Amino acid sequence: LNVRPSKYGVALRITREMLEDANFNLLEHNIRVAGRRFAENENSLIVTALDTGANTITGGAAITIANITRAIQYLEDADKMATDFVIGFEVLNDLRNLDTFTEAQKIGNSEMLQRGFIGTIYGMNVIRVSTNAGMTATTSYVIDRKYAYVIAEKRPITVENFDLPTFDMSGAVLTQRITVAALRTNAIAIITTT
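The rules behind each value
- Residues numbered from 1 in each chain as written.
- Predicted model: local features only at pLDDT ≥ 70, side-chain atom pairs only at ≥ 80, totals over all residues.
- Heavy atoms only, no water.
- Helix = DSSP H or I, 4+ residues; strand = E, 2+ residues; numbered from the N terminus.
- Expected span 1.5 Å × (residues − 1).
- Buried < 20%, exposed > 50% of the residue type's maximum accessible area, 1.4 Å probe, protein only.
- Arc of directions from axis to C-beta.
- Contact = heavy atoms within 4.5 Å.
- Polar contact = N/O pair within 3.5 Å; in protein donor to acceptor, adjacent residues only side chain to side chain.
- Pairing = 2+ DSSP bridges.
- Axes fitted to C-alpha atoms, helices over the stretch in contact; angles between N-to-C directions.
- Salt bridge = Lys/Arg side-chain N within 4 Å of Asp/Glu carboxyl O.

With that out of the way, let us pick up helix 3 (residues 65–77). When the terminal C-alpha atoms of helix 3 are compared, their 18 Å separation across 13 residues agrees well with the 18 Å that a helix rising 1.5 Å per residue should span. The complete set of buried residues in helix 3 reads Asn67, Ile68, Ala71, Ile72 and Leu75. Looking straight down helix 3, one finds its buried side chains confined to an arc of 135 degrees; they lie on one side. On its buried face, helix 3 sits against strand 2 (55–58), strand 3 (84–87), helix 4 (89–96), strand 5 (124–128), strand 6 (139–143) and strand 9 (188–192). Once helix 3 ends, the next one or two residues include Asp79, with phi positive near 60 degrees.

Another aspect to go through is the environment of Asp168. Residue placement: Asp168 occurs in the loop between strand 7 (149–164) and strand 8 (169–182). According to the relative accessible area criterion, Asp168 is partly exposed, its value standing at 29%. Along the chain, Asp168 and Thr100 lie 68 residues apart, while their C-alpha atoms are 61 Å from each other. Reaching out from Asp168, the side chain makes a polar contact with the side chain of Arg16 at a distance of 2.7 Å.

Turning next to the sheet that holds strand 1 (residues 6–15). The strand order 1-8-7 describes an open sheet built from three strands, whose pairing is antiparallel. Only two strands of the sheet have a single partner each, and these edge strands are strand 1 and strand 7. For this sheet, the mean angle separating the axes of adjacent strands, direction not counted, is 10 degrees. Direction of pairing for strand 7 relative to strand 8: antiparallel, over a ladder of 13 bridges. Each bridged residue has a counterpart across the sheet, and for Phe162 the counterpart in strand 8 is Gly171. Strands in contact with helix 2 (residues 26–50) are strand 1, strand 7 and strand 8; relative to strand 8, the strand with the most contacts, it is inclined by about 10 degrees.

All right, on to the side chain of Glu40 then. Considering the arrangement of structural elements, one finds Glu40 in helix 2. Residue classification places Glu40 among the buried residues on the basis of a relative accessible area of 15%. If sequence neighbours within four positions are ignored, Glu40 has contacts with Asn132 and Ala133.

Of all the positions in helix 4, only Val91, Leu92, Asp94 and Leu95 are classed as buried. The buried residues of helix 4 occupy an angular sector of 160 degrees when the element is viewed end-on, so they sit on one face.

On to the pattern of salt bridges, then. Taken as a whole, this structure holds five salt bridges when the rule is applied. For Arg16, the salt bridge is made with Asp168, and the minimal N-O distance between the two is 2.7 Å. Taken as a pair, Arg16 in helix 1 (residues 16–21) and Asp168 in the loop between strand 7 and strand 8 lie far apart in primary sequence, 152 residues in all. Put simply, Arg145 and Asp84 hold a salt bridge, and the shortest N to O gap is 2.8 Å. Highlighted residues: Arg145 in the loop between strand 6 and strand 7 and Asp84 in strand 3, separated in sequence by 61 residues.

To continue, consider the pairing of strand 5. Where strand 3 lies against strand 5, four bridges are found, and the strand directions are parallel. For Val86, the partnering residue across the bridge sits in strand 5 and is Ile127. Both strand 4 (residues 120–121) and strand 5 contribute to a ladder of two bridges, which runs antiparallel. For Thr120, the partnering residue across the bridge sits in strand 5 and is Asn125.

Structure, rendered in structure tokens:
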């Protein structure tokens, strides 16, 4: 598999007057916002790779236990192991409404009621991904993290501060070189609901 990282970057420039007059460090705030956008972009690249999964389960209006176990079986049929369950917020809501995860006599604990979501389901880590990161709220993925996708990062998120004395400005440049590619599509099962 040959992957070529793409470069992502943004330059922030703020006038010295804005830095002097603001009640908080405006440059630092904007760097944090840009950092969050970089993280959302990385998640979006992963979701795009997961969308190439070879196995699809079409659920109804809400996800069911049968949908989840069928996705696990697809991976097991390919000699893979279901390690992670990547979900959007509507799927999270569906899970909250499954009595299997809320009634103590069925699950044996009250984790869903205390934390708002289950940390593991059938041994899989449950990972919530925001719709801001390119995740469709009604889609979820059961994956084997060893084989599902690969991240090639040539440059982690880098922040370089600079001054522009000619324009009486300060700023920062944030860059990253990264790509994500599907590795083994049979290590990905996609569950879609409506």
